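Secondary and tertiary structure notes
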Amino acid sequence: DIQMTQSPSSLSASVGDRVTITCRASQGIGNDLSWYQQKPGKAPKRLIYDISSLQNGVPSRFSGSGSGTEFTLTISSLQPEDFATYYCLQHNSYPLTFGGGTKVEIK
Amino acid sequence: EVQLVESGGGLVQPGGSLRLSCAASGFTFRNYWMYWVRQAPGKGLLWVSQINSDGSDTTYADSVKGRFTISRDNAKNTLYLQMNSLRVEDTALYYCVRGTVGFDPWGQGTLVTVSS
């Protein structure tokens, strides 16, 4: 099984801050990495697919990067509506696995 | 608008069964692989099962293998999850998800509570 180690598990940041979240895969997953945002009481929503492709309608302050086993989600300037929990997902091989999540809170 | 609407959740005793349904609309359902993902209260996301577009191939997480069965009716645009021998640890919000370079979109989820 491929393990997805996401860090940090939580962070406190201010509006306007640059935020970086990392996922490390236990083995190579090619381009099969996507990122999701989940707000309390809501279903997750995809932000990024294929490591760095922005989902339609997602603001350009969100970006993804990485290769091999290390991947990053960056929010260039945190906005009030971005406070949420973020997850990475590898869909390269079964079982499909999510990172443990990163809760982004207001400082 | 692409939409997935789950139903069938509820309270069940350990050892019991439930059948979840997911009604799809707004896209050509028979062309897509479909998935179930669950989230225990206050916890992260866990992939449960997948089914290919014509229903001929399925895969399960080890934690549900032999107890859960995924299926689909492409004529009715509906995905199912038959859950047998339910355990307390199966308590979660179950999401139906369309597969397309990851998961998009997600349904709103249906809550399954396993408790005596």
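Let us look at the structure shown here. (Residues numbered from 1 in each chain as written. Chains lettered and ligands numbered in written order. Predicted model: local features only at pLDDT ≥ 70, side-chain atom pairs only at ≥ 80, totals over all residues. Heavy atoms only, no water.)

Some points on the overall build of chain B
What counts here: To qualify as a helix, a DSSP run of H or I must reach at least 4 residues; to qualify as a strand, a run of E must reach at least 2; elements of each kind are numbered from the N terminus. Contacts are assigned to residue pairs that have any heavy atoms within 4.5 Å of one another. Two residue types count as positive, namely Lys and Arg, and two as negative, namely Asp and Glu; His and chain ends fall outside the count. To locate a charge, take atom NZ for lysine, CZ for arginine, CG for aspartate or CD for glutamate.
Counting its secondary structure elements, chain B contains zero helices and eleven strands. Mapped from its N terminus to its C terminus, chain B presents α and β elements in the order β-β-β-β-β-β-β-β-β-β-β. In terms of principal-axis extent, the alpha carbons of chain B reach across some 40 × 25 × 25 Å. Once local pairs closer than 6 in sequence are excluded, the contacts in chain B between residues at least 24 apart make up 52%. Across chain B, the 10 positively charged side chains and the 9 negatively charged ones have centroids separated by 3 Å.

Describing the pairing of strand β9 (residues 85-90) of chain A
Look at any regular strand and the pattern is simple: side chains alternate between the two faces of the sheet. Residue and element names in this part refer to chain A. How we decide: Whether a residue is buried, partly exposed or exposed follows from its accessible area with a 1.4 Å probe, protein chains only, as a fraction of its type maximum: under 20%, in between, or over 50%, in that order. For two strands to be treated as a pair, DSSP must find at least two bridges joining them.
For β9, the tally of buried residues reaches six of six residues, placing the bulk of the element in the interior. Every second residue of β9 is oriented toward a common face, with T85, Y87 and L89 on one face and Y86, C88 and Q90 on the other, all of them buried. Relative to β9, strand β4 (residues 33-38) runs antiparallel, the two sharing six bridges. Bridge pairing in β9 places Q38 opposite T85. Pairing geometry for β9 and strand β11 (residues 102-106), over two bridges, is antiparallel. Bridge pairing in β11 places Y86 opposite T102. Pairing geometry for β9 and strand β10 (residues 97-98), over two bridges, is antiparallel. Bridge pairing in β10 places L89 opposite F98.

Side note on the interface of chain B and chain A
Note the following rule: When two parts are put together, the accessible area they lose, computed with a 1.4 Å probe and summed over both, is reported as buried area. A pair is scored as a salt bridge if a Lys or Arg side-chain nitrogen falls within 4 Å of a carboxyl oxygen belonging to Asp or Glu. Any pair of nitrogen or oxygen atoms within 3.5 Å is treated as a polar contact; in protein, a donor-acceptor pairing is required on top of that, and neighbouring residues in sequence qualify only through side-chain atoms on both sides. Polarity classes work like this: nonpolar for Ala, Val, Leu, Ile, Met, Phe, Trp, Tyr, Cys and Pro, charged for Asp, Glu, Lys and Arg, and polar for all others, with Gly in that last group.
Counting residues at the interface gives 20 residues for chain B and 17 residues for chain A. For the pair chain B and chain A, the summed buried surface comes to about 1500 Å²; carbon and sulfur atoms form 63% of the total. For the chain B face of the interface with chain A, the top three residues by lost area are L45(B), W47(B) and V101(B), together amounting to 38%. For the interface between chain B and chain A, the tally reads one salt bridge. In this structure, the salt-bridge partner of R46(A) is D104(B), at a minimum N-O distance of 3.9 Å. Summed over the shared surface of chain B and chain A, the number is seven residue pairs in polar contact (both at pLDDT 80 or more). Within the residue set of the side of chain B that touches chain A, elements represented by two or more residues are β4 (34-39), β5 (45-51) and β10 (103-106) of chain B. It is β5(B) that provides the largest number of residues to the side of chain B that touches chain A, a total of four residues. Across the side of chain B that touches chain A, the residue classes tally to ten nonpolar, eight polar and two charged.

Some points on the state of the cysteines
What counts, and what does not: Disulfides are defined as pairs of cysteine sulfur atoms found within 2.5 Å of each other.
A full pass over the atoms with the stated rule returns two disulfides over all chains. Sulfur-sulfur distance for the disulfide between C23(A) and C88(A) comes to 1.8 Å. Across the S-S bond linking C23(A) and C88(A), the dihedral sits near -80 degrees, which makes this disulfide left-handed. Taken as a pair, C23(A) in strand β3 (residues 19-25) and C88(A) in strand β9 lie far apart in primary sequence, 65 residues in all. The two residues C23(A) and C88(A) agree in class, both being buried. Paired by a disulfide, C22(B) and C96(B) hold their sulfur atoms 2.0 Å apart.

Some details on the environment of P95(A)
If you trace the backbone, P95(A) turns up in the loop between β9 and β10. Separated by 93 residues in the primary sequence, P95(A) and I2(A) place their C-alpha atoms 7.6 Å from one another. Residue contacts for P95(A): discarding those within four places in its chain leaves D1(A), Q90(A) and W47(B).

Here's the deal with the packing of aromatic side chains
Rules: Each pair of aromatic rings taken from Phe, Tyr and Trp, with Trp reduced to its six-membered ring, is defined by centres within 6.5 Å and is described as stacked if the planes are under 30 degrees apart, edge-to-face if over 60, and tilted in the remaining cases. Whether a charge sits over a ring comes down to the Lys NZ or Arg CZ being within 6 Å of the ring centre and within 35 degrees of the ring normal.
Going through the model one piece at a time under the given rule, you end up with eleven aromatic pairs over all chains. Measuring from ring centre to ring centre gives 6.3 Å for F98(A) and W106(B), while their planes differ by 55 degrees; the resulting arrangement is tilted. Of this pair, F98(A) sits in strand β10 while W106(B) sits in strand β10, on two different chains. Overall, the relative accessible area of 9% leaves F98(A) in the buried class. Classification of W106(B) as buried rests on a relative accessible area of 9%. An angle of 85 degrees between the planes, with centres 5.3 Å apart, marks the rings of F27(B) and Y32(B) as edge-to-face. Its relative accessible area of 25% is what places Y32(B) among the partly exposed residues. Of the aromatic side chains, those joined through ring pairs into one cluster are Y36(A), F98(A), Y35(B), Y95(B), F103(B) and W106(B). Across from the ring centre of Y80(B), 3.9 Å away, lies the NZ or CZ of R19(B), which sits over that ring.

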